[in-house]
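So you can see what is in the structure, the chains are spelled out below.
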Amino acid sequence: MWKRIVIAGGGTAGWMTAALMAKTLGRAGFDVCLIESPTIGTVGVGEATIPGFVHFNRLLGIDEKDFLKKVKATFKLGINFVDWNRAGSEYIHGFSGLGDHGQGLPFYHYWLRWQKNHPQANIEDHFLASTCARKKKFCHPDPSISSLFSGAGYAYHIDAGLYARYLQEYATSRGITHIEADITDIRLNEITGHIESLRLDDTRVIEGDFFIDCTGFRSLLLGGALGVPFISWQKWLKCDRAQVVATAVTDDNFVPYTRAKAQIAGWQWRIPLQHRVGNGLVYSSAYMDDKQAQSLLMSQIDSQPLAQPRMLKFNAGMRARFWEKNCVAVGLSSGFLEPLESTSIHMIQKTITRLSLLFPNAETNAVLAKQFNEEAAAEMEKIRDFVILHYHLNNRRNEPFWRDCQNMELPDSLQHKLDLYQKTGYVHHEHNDVFTEGSWLSVLVGQGSLPQHTMQMINTMSDTQLDNYMNNVRQKIAELSDKMPLHLDYLQTILRS
Ligand SMILES: Cc1cc2nc3c(=O)[nH]c(=O)nc-3n(C[C@H](O)[C@H](O)[C@H](O)COP(=O)(O)OP(=O)(O)OC[C@H]3O[C@@H](n4cnc5c(N)ncnc54)[C@H](O)[C@@H]3O)c2cc1C
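Residues numbered from 1 in each chain as written. Predicted model: local features only at pLDDT ≥ 70, side-chain atom pairs only at ≥ 80, totals over all residues. Heavy atoms only, no water.

Looking now at the overall build of the chain. Secondary structure summary: the chain contains 15 helices and 21 strands in total. Here the C-alpha radius of gyration of the chain, 23 Å, is about what a compact globule of 497 residues would show, namely 23 Å. Along the longest, intermediate and shortest principal axes, the C-alpha atoms of the chain span 75 × 50 × 50 Å. Across the 497 residues of the chain, 57% fall into the buried class. Considering only intrachain contacts with a sequence separation of at least 6, the fraction spanning at least 24 residues in the chain is 78%. Accessible surface, the chain as shown: approximately 20,700 Å² in total, 50% of it carbon and sulfur. Distance from the positive charge centre (50 side chains) to the negative charge centre (52 side chains) of the chain: 2 Å. (Helix = DSSP H or I, 4+ residues; strand = E, 2+ residues; numbered from the N terminus. Rg over C-alpha atoms; globule rule 2.2 N^0.38 Å. Buried < 20%, exposed > 50% of the residue type's maximum accessible area, 1.4 Å probe, protein only. Contact = heavy atoms within 4.5 Å. Areas by Shrake-Rupley, 256 points an atom, 1.4 Å probe, with all protein chains shown as cover. Lys, Arg positive; Asp, Glu negative; His and termini not counted. Charge placed at Lys NZ, Arg CZ, Asp CG, Glu CD.)

Of all residues adjacent to the ligand, which total 33 residues, the nearest are Ile40, Val43, Ala48, Ile183 and Ile345. Ile183 places a polar main-chain atom, nitrogen or oxygen, 2.8 Å from a nitrogen atom of the ligand. When isolated, the ligand has an accessible area of 1,000 Å², and the protein chains bury 97% of it. Those elements giving two or more residues to the shell around the ligand turn out to be α1 (12-24) and α9 (344-357). (Near = heavy atom within 4 Å. Polar contact = N/O pair within 3.5 Å; in protein donor to acceptor, adjacent residues only side chain to side chain.)

Our next topic: empty space enclosed by the protein. This structure, assessed with the given rule, holds 2 cavities of 30 Å³ or more. Of the pockets and cavities examined, the largest cavity occupies roughly 100 Å³. Lining the largest cavity are Leu77, Ser96, Leu128, Ala129, Cys132, Phe138, Cys139, Pro141, Phe149, Ala152, Gly153 and Met484. Here the second largest cavity defines a volume of roughly 30 Å³. In terms of lining, the second largest cavity is formed by Lys417, Leu418, Tyr421, Tyr426, Val427, His428, Trp440 and Leu444. Mapped onto the lining of the second largest cavity, the elements with two or more residues apiece are α12 (412-424) and α13 (437-446). The element contributing the most residues to the lining of the second largest cavity is α12, with 3 residues. (1 Å grid on protein atoms, 1.4 Å probe; cavity = no way out; pocket = protein on both sides within 12 Å on 5 of 7 lines; lining within 4 Å. Points joined across faces, edges and corners; volume = space filled by probe spheres on them.)

This part is about unusual backbone geometry. Although it is not a glycine, Thr203 adopts a positive phi angle of roughly 75°. On the basis of relative accessibility, which here comes to 62%, the residue Thr203 falls in the exposed class. In this structure, Ser342 is a non-glycine residue whose phi angle is positive, near 55°.

Domain boundaries assigned for the chain yield domain 1 (4-73 + 158-234 + 316-380), domain 2 (96-151 + 411-483) and domain 3 (241-313). Of note, the centres of domain 1 and domain 2, computed from C-alpha atoms alone, are 36 Å apart. Contacts between the two partners involve 6 residues from domain 1, matched on the other side by 4 residues from domain 2. Buried area between domain 1 and domain 2, both sides added, is near 390 Å², and the carbon and sulfur share of it is 63%. (Domains from an automatic or database assignment. Buried area = accessible area lost by both parts, 1.4 Å probe.)

The subject of this paragraph is the packing of helix α3 (residues 64-71) against helix α6 (residues 160-172). Running from amino to carboxyl end, α3 crosses α6 at an angle of 130°, the nearest separation of the two axes being 9 Å. Compared by their axis directions, α3 and α6 come out oblique. Across the interface between the two elements, Asp66, Phe67, Lys70 and Val71 of α3 pack against Leu162, Tyr163 and Tyr166 of α6. Classifying every residue of the contact of α3 with α6 gives 5 nonpolar, no polar and 2 charged. (Axes fitted to C-alpha atoms, helices over the stretch in contact; angles between N-to-C directions. Parallel < 35°, antiparallel > 145°, perpendicular 65-115°, else oblique. Nonpolar A, V, L, I, M, F, W, Y, C, P; charged D, E, K, R; others polar.)

What follows deals with the sheet that holds strand β2 (residues 31-36). Taking strand neighbours across the sheet as the criterion, the 6 strands line up as β7-β2-β1-β11-β20-β19 in an open arrangement whose pairing is mixed. Of all strands in the sheet, those with a lone pairing partner are β7 (177-180) and β19 (323-324), marking the two edges. Here β2 runs beside β7; their pairing, made up of 4 bridges, is parallel. Counted as the bridge partner of Cys33 is Thr177 from β7. (Pairing = 2+ DSSP bridges.)

Before going further, it helps to examine helix α8 (residues 290-300). Among the residues making up α8, those that are buried are Ala293, Leu296 and Leu297. Along the axis of α8, the buried residues cluster in a sector spanning 100°; they form a single face. Along α8, the residues that are exposed and aim more than 90 degrees away from the buried face are Lys291 and Ser299. Capping the start of α8 is the job of one residue whose side-chain oxygen sits 3.1 Å from the backbone nitrogen of Lys291: Asp289. (Arc of directions from axis to C-beta.)

What follows is about the sheet that holds strand β4 (residues 78-82). Sheet strands pair by backbone hydrogen bonding; their relative direction is either parallel or antiparallel. What the 7 strands build is an open sheet, ordered β5-β4-β14-β15-β16-β13-β17; its pairing is mixed. The sheet is open, and its two edges are formed by β5 (90-94) and β17 (310-313), each paired on a single side. Each adjacent strand pair in this sheet contributes to an overall mean axis angle of 20°, direction not counted. Two strands pair when backbone bridges link them, and strand β15 (residues 266-272) and strand β16 (residues 277-283) are joined in this way by 7 bridges, in the antiparallel orientation. Within β16, the position partnered with Gln268 by the bridge is Leu281.

According to the stated counting rule, one finds 33 aromatic pairs in the structure shown. Seen from their ring centres, Phe81 and Tyr91 are 5.1 Å apart, and the 20° between their planes marks the pair as stacked. Of this pair, Phe81 sits in strand β4 while Tyr91 sits in strand β5, placing them 10 residues apart in sequence. Neither Phe81 nor Tyr91 differs from the other in exposure class; each is buried. Plain terms: the ring middles of Phe138 and Tyr154 are 5.4 Å apart, the flat faces sit at 70° to each other, and that makes the pair edge-to-face. One end of the pair, Phe138, is in the loop between α5 (128-134) and β6 (155-157); the other, Tyr154, is in the loop between α5 and β6, with 16 residues separating them in the sequence. Every member of this aromatic cluster is reached through a ring pair, and the members are Phe53, Phe67, Phe75, Phe138, Tyr154, Tyr156, Tyr163, Tyr166 and Tyr490. A cation over an aromatic ring shows up here: Arg174 above the ring of Tyr170, its NZ or CZ 3.6 Å from the ring centre. When the ring centre of Trp440 is taken as origin, the NZ or CZ atom of Lys417, which lies over that ring, is 4.0 Å away. (Phe/Tyr/Trp six-rings, centres within 6.5 Å; stacked < 30°, edge-to-face > 60°. Lys NZ or Arg CZ within 6 Å of the ring centre and 35° of its normal.)

We now examine the side chain of His392. Relative to the helices and strands, His392 is located in helix α10 (residues 365-392). A polar side-chain atom of His392 sits 3.1 Å from the main-chain carbonyl oxygen of Cys405. At 3.1 Å, the side chain of His392 and the backbone oxygen of Gln406 are in polar contact. Once residues lying within four places of it in the same chain are set aside, the contact partners of His392 are Cys405, Gln406, Met408, Leu410 and Leu418.

Next up, the structure:
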């Protein structure tokens, strides 16, 4: 049995892994240690999440009120995309399902047919989460009040540094050993090529059976010692840098959604927390230099800066394999997609829950690694396609960056999905896809893409029936959202209790 597990790195990935290991393996006689450098910092951004994150915390048994207080979190219902289609346009990609599921086919088919007679219709009015986000409303979804809540989800904006410390306390109090030292060398078995031990700068040698690489962009174990190559996606995702700065919270920017505003050669995020607002400009260094980017960010923030801006460099892509020999990479060491749809922490969660399920020993390692690698790559590529979609479907004509995004050749998988939708109105979706049909439709319609045809089956409903159906859903959403408390009031009530 492989019982000695070594986690290298103590950023969000390292501590989420340690916490889940403490929960799932802790009592089964495993010996888990986490090595964290006291000198090499974490990325420390990573503040916006998607609904799966709420389930991860629940799986750990974390009390939400305690979490909200200690991590200075706010609720998030979606992302407001500003100026992506063209200057002045905007839409919200909300976390609830679209409409209801009362008529047999997914609601979006009915909406697509209905909008042909109502070209001014706003799809957002048929999403509970988007409508609530727009009104700055929030309360926990309660399906016993309305079936519209059954597909409703929410997420958080978090302080990533506080979250890592929160999980550190969780994991170490449940038996995970915490070592603060720099890894200076990685020793491989000469015959099998497996990792045997990590040498630390204080001369200690940490041996293990299974190693989890959470060393961030350095990818010391998987990319470094084991030499697994990096597959770059930069031809599709051109942004490779971010300037980030925290600013003050105001009544205006304290909203239950992330704002993602398109800029001349990239886009800018705004993420409200209880104690500060995270801001960042993601840009392509081929189209904009660092100085320009920094002054653009500072000219576009809408409240008082709380620190000097800092720069981060990255490349979009993933390692050819997440799992090699006796090592799995989690977090930035396995790959990176820019934070446009807040998916990195989600990928951490998916990777470690998959690992818990497929945890190996010497006999099962190779076959589990193969399965794991196929699942992880497929998942990452689907998210990649969704992110590329935002860039490709733009009508910003005057900026070279955006024109190049319009004209770029797409991955085959995305081109097929887009062709299918644009010709037939069908959004292909698989059971465990992170982004549902509603998510794809929000972005497709939000960025001006409507299909040539709609599905035949929905023609069984007359125009009048369809009008009544749509009006009813819209009205129910309007009523429900009107009754909800403001996000600020709701959160304050929780924090005071
Ligand atoms: C600009 C930007 C914005 C982002 N925004 C979001 C977002 O909104 N939502 C989201 O989900 N994700 C976001 N992310 C991604 C998110 O930040 C990461 O997924 C998350 O922080 C996990 O990082 P990590 O733990 O893999 O790496 P890191 O945070 O880099 O941690 C690496 C760890 O390895 C340790 N280490 C490195 N070398 C050694 C060594 N030699 N010895 C010992 N220890 C070592 C370090 O000390 C550190 O503890 C963003 C990323 C970037 C770049």
